[in-house]
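Fold and geometry: a report
One letter stands for each residue in the lines below.
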Amino acid sequence: MALIIRSVLHLLFISLISFVVLQQKSDADQEVLMLQKPRLINCKFDKIYQLGDSLADTGNCIRERICGAHTLCARFPYGMNFFQNATGRCSNGMLMIDFIALESGLPLLNPIKDQNADFRHGADFAVAGATALSVEILENMKMVNPSTNSSLSVQLDWMSSHFENTFYTDFRDKLNKSLFLVGGIGGNEFNFALSQGKTLEESRTIVPEVVEAIIHGVRRVISLGATRIVVPGNFPGGCFPIILTRFITDNSSAYDEHRCLKDFNNLIIFFNDHLRQAILDLKKEYPTITLIYGDYYNAYLWLLQNAISLGFDKNSLQKACCGIGGDYNYDLHNQCGAIGVPVCIDPSTYISWDGAHLTQEAYSWLARWLIDNNILPQLNCQA
């Protein structure tokens, strides 16, 4: 019964979204979404700043030379169910950061690389394919990021320059009502490591450096004036079509009760545990700063466990909506956005959009779980 009620409330939530044209004092009017009853409104955020990778990129990658030349997220059918065209979001519609912005009563975040955009309510610095580790550190590990050079440290440099150019001085006074999301990031390191010949055990050895890079990023945003920060962990990638296809096996013991790959998810658990502990340690150092570990892993497990009750197709929980081939509707050499690759009839009944990223419907549920069970209870602002 609780799930039925939650599902009805969620449908009402989606139905309350309405298109509103806000007259803004900028070069161009901006069409944005508003919610009638945003959940995070009592937190009184006036700005949101996002760092990360493709899970949160609202259009930076497509504006970069290297990244833009390689990404398929710049092509239709990406954005087909919300924006009606590809904005650079790696989904059929909105991302979690979009829902978090709406729930805060704020416009959707513009990508920092859009030079004509309005950044009065924050900015998105995330870049699809980004890593927490710098290009130089990856090279020392004999790894290459083929997608982008815009690692977390580069994004932080953009953020620092943005603040200097926007606020000039007194960053802290300007940012004390802002929400910062440092990630999710760090998952691409493991994807690159495994695709470039490293074993799962070898991938485990890079976890401390990845976590250290993320914590260094948190320290930097604190130094800039951030007081409320969410640091997300990683999703259980062993449930994603891209990983399930890459490491498919006839060994039934390799899979858990959800038909996810146990060994890969154990790597993610190992990473998340280290990140969570590092955040706890940082809290002791900064007792006046609100630091929240974003539990993406358990949010996804909740979604998977309750998927059928939430309206997802029970036969497609680990299949890509936009994709072709194999047990999981995913082919590394014939991905979503390529000519001839089909799209499922109803993306809202799929969790996975393209094998590596999720659908708007999945992101909306994950955002609600994170807000209700993870973020809001720790922000000490009553909803």
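Remember, predicted model here, so these are calculated numbers, not experimental data.

In the contact formed by helix H9 (residues 207-224) and helix H11 (residues 262-285), the axes pass within 10 Å of each other and the chain directions differ by 35°. Our pair here, H9 against H11, has a crossing hand that is right-handed. From H9, Val207, Val210, Val211, Ile214, Ile215, Val218 and Arg219 reach across to H11, where they touch Leu267, Phe270, Phe271, His274, Leu275, Ala278, Ile279, Leu282 and Glu285. By residue class, the composition of the contact of H9 with H11 is 13 nonpolar, 1 polar and 2 charged.

The tally for this structure, following the rule as stated, stands at 12 aromatic pairs. Taking the centre distance of 5.6 Å and the plane angle of 35° together, the rings of Phe163 and Phe167 count as tilted. Of this pair, Phe163 and Phe167 both sit in helix H5 (residues 152-167), 4 residues apart, roughly one helical turn. Judged on exposure class, the residue Phe163 and its partner Phe167 are both buried. Among the aromatic side chains, those forming a connected cluster through ring pairs are Tyr49, Phe125, Phe163, Phe167 and Phe180. A cation over a ring is seen here: Arg204 above Phe270, with NZ or CZ 4.4 Å from the ring centre.

The next point concerns the confidence of the model for the protein chain. Per-residue pLDDT for the protein chain averages 89, and the proportion of residues at 70 or more is 90%. A low-confidence stretch, residues 1-32 (pLDDT under 50), is modelled with 52 contacts involving residues beyond four sequence positions or located in other chains.

Another point: the side chain of Asn234. Positionally, Asn234 belongs in the loop between strand E6 (228-232) and helix H10 (241-246). For Asn234, a relative accessible area of 7% translates into the label buried. Aside from chain neighbours lying at most four places away, what touches Asn234 is Ile185, Gly186, Gly187, Phe190, Ile268, Phe271, Asn272, Tyr296 and Tyr297.

So, about the state of the cysteines. Counted by the stated rule, this structure contains 6 disulfides. Disulfide connectivity for the protein chain, with bonded cysteines indexed by sequence position, reads 1-12, 2-3, 4-5, 6-7, 8-11, 9-10.

What follows concerns the pattern of salt bridges. For the structure on display, the rule yields 10 salt bridges. Close ionic contact of Asp98 with Arg89 constitutes a salt bridge, the shortest N to O distance being 2.9 Å. Comparing Asp98 with Arg89, the two get one shared label, buried. Through salt bridges that share partners, Arg39, Glu103, Arg368 and Asp372 make up one connected network.

Counting residues in each nonpolar core, the largest one holds 126 residues, and the members touching the most others are Ile229 and Ile351. At 11 residues, the largest contribution of residues to this core is made by helix H13 (residues 360-379). Once residues within four sequence positions are removed from consideration, Ile351 is found in contact with Tyr300, Leu303, Leu304, Ala307, Phe312, Leu317, Leu358, Thr359 and Ala362.

This brings us to the environment of Thr349. Checked against the element boundaries, Thr349 lands in the loop between helix H12 (296-305) and H13. C-alpha of Thr349 to C-alpha of Ala307: the two residues are 42 residues apart in sequence and 9.1 Å apart in space. When residues no more than four places from it in sequence are discounted, the contact partners of Thr349 are Gly311, Phe312 and Asp313.

Reading guide: rules and limits
Residues numbered from 1 in each chain as written. Predicted model: local features only at pLDDT ≥ 70, side-chain atom pairs only at ≥ 80, totals over all residues. Heavy atoms only, no water. Axes fitted to C-alpha atoms, helices over the stretch in contact; angles between N-to-C directions. Helix = DSSP H or I, 4+ residues; strand = E, 2+ residues; numbered from the N terminus. Left-handed = near helix turned anticlockwise from the far one by under 90°. Contact = heavy atoms within 4.5 Å. Nonpolar A, V, L, I, M, F, W, Y, C, P; charged D, E, K, R; others polar. Phe/Tyr/Trp six-rings, centres within 6.5 Å; stacked < 30°, edge-to-face > 60°. Buried < 20%, exposed > 50% of the residue type's maximum accessible area, 1.4 Å probe, protein only. Lys NZ or Arg CZ within 6 Å of the ring centre and 35° of its normal. pLDDT = per-residue confidence, 0-100. Disulfide = S-S within 2.5 Å. Salt bridge = Lys/Arg side-chain N within 4 Å of Asp/Glu carboxyl O. Core = buried A, V, L, I, M, F, W, Y, C linked by side-chain atoms within 4.5 Å.

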